[in-house]
Amino acid sequence: VEGVSIAFESADTADIEISFRSGAFFMVGPAGVSAVTMMEKQAVTYPAGEAVPLRTRTLYSVAGIEIVAVNMTQSGVIKPVAVDPASRSTGENALLFHLAGNGTPVVLTLWDNGNDMQVSDSVIINGNSVRFSYGSPAVKLPFSLALTDFILERYPGSNSPSGYRSKVVLKDAEKGVEMPFEIFMNNVLKYRGYRFYQSSYDADEMGTILSVNHDRTGMLVTYSGYALLFFFIFLSLLNRKAVFHTVKASNWTSVLRRSALVLVMLLLVPGAGDVFAQNVIPGKEAADRFGYVLIQDQKGRTKPLAAMSSDILRKVTGKNSFEGMTPMQVFMGIVIDFDSWKDVPLIKVSNRELQRSLGLTANYAAFSDIVDMSGGGSYKLAGEVNRVYSLPPSERNKTDKEIVKVDERVNIVYMIYTENFLRMIPLRDGSHNWSTPHEALSAAAGSRDSAYLAELMPKLASALNDNHEAAVRQIAGSVSEYQKQYSDYELPSKTKIGAEVMYYRLMIFERLFPFYSTAGILLLSLLIAMVLKGRKVLPAVAAVLRWLLFGGFLLHTFALALRWYISGHSPMSNGYESMIFISWVTLLAGFIFSRKSEFALSATAVLSGLTLLVAHLSFLDPEITNLVPVLQSYWLTLHVSVITGSYGFLGLGAVLGIISMILLAFTNRDNIGRISGTLDDLIVINYRTLTLGLYFLTVGTFLGAVWANESWGRYWGWDPKETWSLITIIVYSFVIHSRLIPGLRDIYTFNLLSVVAFASVLMTYFGVNYYLSGLHSYAGGDPVPVPSFVYLAVISLAIVAVAAWIRYKRWDTAAQNDNKE
């Protein structure tokens, strides 16, 4: 090995001799041996000629080479033994080849630890040398690639990668080509049928890892198939003779066959919060004025302090305002006068058991209730926090999860107090990092900026206490000028800063969900009442509600566009953004089908309101964040908008199915004619809605396959989201074709299927995103708690379905008796 001979109990002289005596192994080196244990990292040096005990988990340096003993046995042989993967993982696999010939059978073992691209070994049998190899074969390219530079870019002030790229030079001697190229995520090097993708990079950030694909014919066939699929979907929507346009209520059997419709939804209105009082409150105008100052957050995004304070207040209190104060008033109040604010109950503690352990009588705790300020700052939750974090997420109960949340809220308040969130001063050290005024003052000691930095926070505190807006404006302006002068990257424009402050102050999405729900329920109630009584809805009332919903839809559209402008990317990159987009598409679907029935608009208004309500539950974070590298692509807008748009149409189908079953449950001899006709109208709308939803879901899924091929070089990886998207396509394909299956042609079955099928959408969206791990997951497999209203909703739907079935079967029996007579 490397010119050094190694022998085991050899009579010949060797550089390194290994021997076995007295039940132990020893090694003798020519010029001494240095041994380092891997656990203790302690080095021991042995002189030349001394027998050194040979042990596992020890690194020996001898004669210029390094030796580690992996396995040693006194007698017998080393052979692979199967282990139970559930109880133990060795990290190694073994492939056994049994070779038989004229002589004695031979067993050859190949060990695969997963780190080597290929493992191989040889054996002599019948005088012939036989070599076996396992793994990926090496393929020689007809050209070469040389890496000239690897660049890892991070968001300013954080370790989060904003992108990474490889600068390479392609050389093809055969064709006389020498071409420089930059490979990065969603930017693929294509040459002679080969496609190189930016896959990953070495831990030391000095080398790059590329994946390669060579499948020109396969791509041509696959993309042609996708194109044909999209073309015929488009054709089926244009063709006036297609089922989408010609479908009629007569395609489903009904024992009612007349007219009308019904649905009742519940709107939960949160009650008013508790009222706390405190003495030290910065002036509103002055505090809000300082909110225009830019800061760097912990995720590397540069944004107004007003946005940061809004996100912080929501995380700490669970509210968008606190006892009539704006987020900036609360934030700056803690910064400039923590001694008063530490006793203000603003940390949300919702778990009763945790409240009792902390001695609380309400749902909010003060910082001093959890941190003993008189006892040297001891943390009352320290022991519990250490215990909970030692548990895997799957083993944490409700109290444990609440401890984690409260711990985060306490730390946030402490970070406000220590000014860790006020990273608004660029460090003049050639980096993109910003620091707090106190840290910047320490770094700038003795410079001309030290006086300015030393006076900054005292002047600001004085101006805020006096509500001196002009003085605060002057201080904020000086900070902004300092940032412009010394920042090493481009800052957001004044227009974008103003837009983000306005976005957080307007809180359009928070205001829309009670508005949508209220207007939708009013319109739906009017429609149901009129159908049951046999009267027409007052045109004026219906028109007013319709125009109110349209105004809300315009505001919704404006808020989406505003968030898009602020973030610099389409608002579809996380769970919260996809929910507000689904709500928008749902209402859009309602307006599209409202010409056929007012029930479509009322149903989508209620559904849009509930979707926005879910978007603002505690497990979804509305904070505007940076994009991870793979999402920095136009495919994000194209793929995600189509996929999430389909959820709006499929959700509308589910609501229409619920409405139809409620109407069925309310039928009697006086209204059966009206309800039957309404059900006929609704089932046609429902069919077209589900068809559009299925089309969008299918197109979006295959667009995702194209994006995956452009980003990673593969179309399908059986990621949980991909798998459940396919399941949802299959489920809804069955639903819209169920009218062709004997025994499933009646209106009750179709409406029931449209409701039950929506469970696959919920699993695709919530189940995958928050309960499974994968490329599309937002929570990494750490499940969020299932809200209690979900169980109530399932029970309510089951009751409605059973009631509708009983009533429908009663009419069916009556119709059969009439036919016999």
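Residues numbered from 1 in each chain as written. Predicted model: local features only at pLDDT ≥ 70, side-chain atom pairs only at ≥ 80, totals over all residues. Heavy atoms only, no water.

Re the overall build of the protein chain
Here is step 1: For the protein chain, the helix and strand inventory stands at 24 helices and 26 strands.
Here is step 2: Sequence separation of at least 24 residues holds for 61% of the intrachain contacts in the protein chain that already meet a minimum separation of 6. (Helix = DSSP H or I, 4+ residues; strand = E, 2+ residues; numbered from the N terminus. Contact = heavy atoms within 4.5 Å.)

Topic: the packing of helix α12 (residues 450-465) against helix α13 (residues 469-486)
Here is step 1: Two elements in contact, α12 and α13, have axes whose closest approach is 9 Å; the angle formed by their N-to-C orientations is 150°. In terms of orientation, α12 lies roughly antiparallel with respect to α13. α12 and α13 meet at a crossing whose hand is left-handed. The residues of α13 that touch α12, namely those facing Tyr452, Leu456, Lys459, Leu460, Ala463 and Leu464, are Ala471, Val472, Ile475, Ser478, Val479 and Tyr482.
Here is step 2: Among the residues forming the contact of α12 with α13, the class breakdown is 10 nonpolar, one polar and one charged. (Axes fitted to C-alpha atoms, helices over the stretch in contact; angles between N-to-C directions. Parallel < 35°, antiparallel > 145°, perpendicular 65-115°, else oblique. Left-handed = near helix turned anticlockwise from the far one by under 90°. Nonpolar A, V, L, I, M, F, W, Y, C, P; charged D, E, K, R; others polar.)

Looking at unusual backbone geometry
Here is step 1: Here the phi dihedral of Glu419 falls at roughly 65°; this positive angle occurs in a residue that is not glycine.
Here is step 2: Position of Glu419 relative to the elements: it lies in the loop between α10 (398-417) and β25 (425-426).

Details of the packing of aromatic side chains
Centre distance and the angle of the planes are the two values used to describe a pair of aromatic rings.
Here is step 1: Tallying each qualifying case throughout the model produces 30 aromatic pairs.
Here is step 2: Considering the side-chain rings of Tyr223 and Tyr715, the 6.2 Å spacing of their centres and the 85° angle between planes classify their relative orientation as edge-to-face. You can see Tyr223 sitting in helix α1 (residues 216-238) and its partner Tyr715 sitting in the loop between α20 (672-712) and α21 (720-737), a full 492 residues away along the chain.
Here is step 3: Overall, Tyr715 belongs to the buried group, its relative accessible area being 18%.
Here is step 4: With centroids separated by 6.0 Å and ring planes inclined at 25°, the aromatic side chains of Trp434 and Tyr489 adopt a geometry described as stacked. With Trp434 in strand β26 (residues 434-435) and Tyr489 in the loop between α13 and α14 (494-506), this residue pair connects regions lying 55 residues apart in the sequence.
Here is step 5: Judged by its relative accessible area of 4%, Trp434 falls in the buried class.
Here is step 6: Assessed through its relative accessible area of 16%, Tyr489 is described here as buried.
Here is step 7: Three or more aromatic residues link up through ring pairs in this structure, and these residues are Trp547, Phe550, Phe553, Phe581, Trp584 and Phe591.
Here is step 8: One Lys or Arg, Arg21, reaches over the ring of Phe26 and ends 4.5 Å from the middle of that ring.
Here is step 9: If you follow Lys496 out to its NZ or CZ, it ends over the ring of Tyr565, 5.3 Å from the centre. (Phe/Tyr/Trp six-rings, centres within 6.5 Å; stacked < 30°, edge-to-face > 60°. Buried < 20%, exposed > 50% of the residue type's maximum accessible area, 1.4 Å probe, protein only. Lys NZ or Arg CZ within 6 Å of the ring centre and 35° of its normal.)

A word on the pairing of strand β11 (residues 118-125)
Here is step 1: Examined bridge by bridge, β11 and strand β12 (residues 128-135) share eight bridges and lie antiparallel to one another. Its bridge partner being in β12, Ile125 is matched across the sheet by Asn128.
Here is step 2: What sits between β11 and β12 in their antiparallel hairpin is a turn of two residues, with Asn126 showing a positive phi close to 55°. (Pairing = 2+ DSSP bridges.)

With respect to the packing of helix α4 (residues 305-317) against helix α5 (residues 327-336)
Describing two packed helices takes the angle between their axes plus the distance from one axis to the other.
Here is step 1: Contact geometry for α4 and α5: axes closest at 8 Å, N-to-C directions at 85°. By the angle between their axes, α4 is roughly perpendicular relative to α5. Between α4 and α5, the residues in contact are Leu305, Ala306, Ser309, Ser310, Ile312 and Leu313 and Pro327, Met328, Val330, Phe331 and Met332, respectively.
Here is step 2: Class assignment of the residues belonging to the contact of α4 with α5 gives a composition of nine nonpolar, two polar and no charged.

Examining the confidence of the model for the protein chain
Low pLDDT means the predicted coordinates in that region are not meant to be read closely.
Here is step 1: Looking at the protein chain as a whole, its pLDDT mean stands at 81, while 86% of the residues score no less than 70.
Here is step 2: Across the protein chain, the element-wise mean pLDDT spans from 79 in helix α24 (residues 788-820) up to 92 in helix α22 (residues 747-756).
Here is step 3: Scored below 50 in pLDDT, residues 258-279 shows 70 contacts in the model against residues more than four places distant or in partner chains.
Here is step 4: Scored below 50 in pLDDT, residues 773-783 makes 30 contacts in the model with residues more than four places away or belonging to other chains. (pLDDT = per-residue confidence, 0-100.)

What to know about the pattern of salt bridges
Here is step 1: Throughout the structure, instances matching the rule amount to 17 salt bridges.
Here is step 2: Its salt-bridge partner being Arg165, residue Glu182 comes within 2.7 Å of it at the nearest N-O pair. Pair noted here: Glu182 is in strand β15 (residues 177-184) and Arg165 is in strand β14 (residues 161-172), with a separation of 17 residues, a long-range link.
Here is step 3: Overall, the relative accessible area of 22% leaves Arg165 in the partly exposed class.
Here is step 4: Note that Asp311 and Lys303 form a salt bridge whose closest N and O atoms lie 3.4 Å from each other. A single burial state applies to Asp311 and to Lys303, both of which are buried.
Here is step 5: Three or more residues are tied together by salt bridges with common partners; here these are Asp297, Lys303, Asp311, Arg314 and Glu510. (Salt bridge = Lys/Arg side-chain N within 4 Å of Asp/Glu carboxyl O.)

Focus: the sheet that holds strand β6 (residues 52-53)
Here is step 1: With mixed pairing, four strands are arranged side by side in an open sheet as β1-β2-β3-β6. Pairing within the sheet leaves two strands with one partner each, and these edge strands are β1 (6-8) and β6.
Here is step 2: Looking at chain direction, strand β2 (residues 16-21) and strand β3 (residues 24-28) are connected through five bridges and run antiparallel. By the bridge assignment, Glu17 is partnered in β3 with Val28.

As for the sheet that holds strand β16 (residues 189-191)
Two strands in a sheet stick together by hydrogen bonds in their backbones, pointing the same way (parallel) or opposite ways (antiparallel).
Here is step 1: Here three strands make up an open sheet; going across it, the order is β16-β17-β18 and the pairing antiparallel. Edge positions in the sheet fall to β16 and β18 (208-214), since each of these pairs with one other strand and no more. If you compare each strand with its neighbour and ignore which way they point, the axes differ by 30° on average.
Here is step 2: Across three bridges, the pairing between β16 and strand β17 (residues 194-201) is antiparallel. Its bridge partner lying in β17, Lys190 is registered against Arg195.
Here is step 3: Its contacts with the sheet place α20 against β16, β17 and β18, and it is angled at close to 75° to β17.

A word on the nonpolar core
Here is step 1: If you look at the biggest cluster of nonpolar residues, it comprises 92 residues, and the most contacted ones within it are Tyr503, Phe509, Ile659 and Tyr732.
Here is step 2: For this core, the leading source of residues is helix α19 (residues 634-665), giving 15 residues. (Core = buried A, V, L, I, M, F, W, Y, C linked by side-chain atoms within 4.5 Å.)

Digging into a nonpolar patch on the surface
Here is step 1: On the surface, Leu228, Phe231, Phe232 and Leu235 cluster together into a nonpolar patch covering about 390 Å² of accessible area.
Here is step 2: Of note, Phe231 is situated in helix α1.
Here is step 3: Exposure remark for Phe231: the relative accessible area of 44% places this residue in the partly exposed category. (Patch = residues over 30% accessible without salt bridge, like charges linked within 9 Å, V, L, I, M, F, W, Y side chains within 5 Å. Areas by Shrake-Rupley, 256 points an atom, 1.4 Å probe, with all protein chains shown as cover.)

Structural notes on α4
Here is step 1: Between the first and last C-alpha of α4 there are 18 Å, a value that for 13 residues agrees with the 18 Å anticipated at 1.5 Å per step.
Here is step 2: Of all 13 residues that make up α4, 12 are buried, and the element is covered over most of its length.
Here is step 3: Burial in α4 covers these residues: Leu305, Ala306, Ala307, Met308, Ser309, Ser310, Asp311, Ile312, Leu313, Arg314, Val316 and Thr317.
Here is step 4: Gly318 sits one or two positions beyond α4 and adopts a positive phi of about 75°. (Expected span 1.5 Å × (residues − 1).)

Re helix α17 (residues 575-593)
Here is step 1: In a regular helix each residue adds 1.5 Å, so 19 residues correspond to 27 Å; α17 covers 27 Å between its end C-alpha atoms and thus fits that length.
Here is step 2: Most of α17 is tucked away, with 17 of its 19 residues classed as buried.

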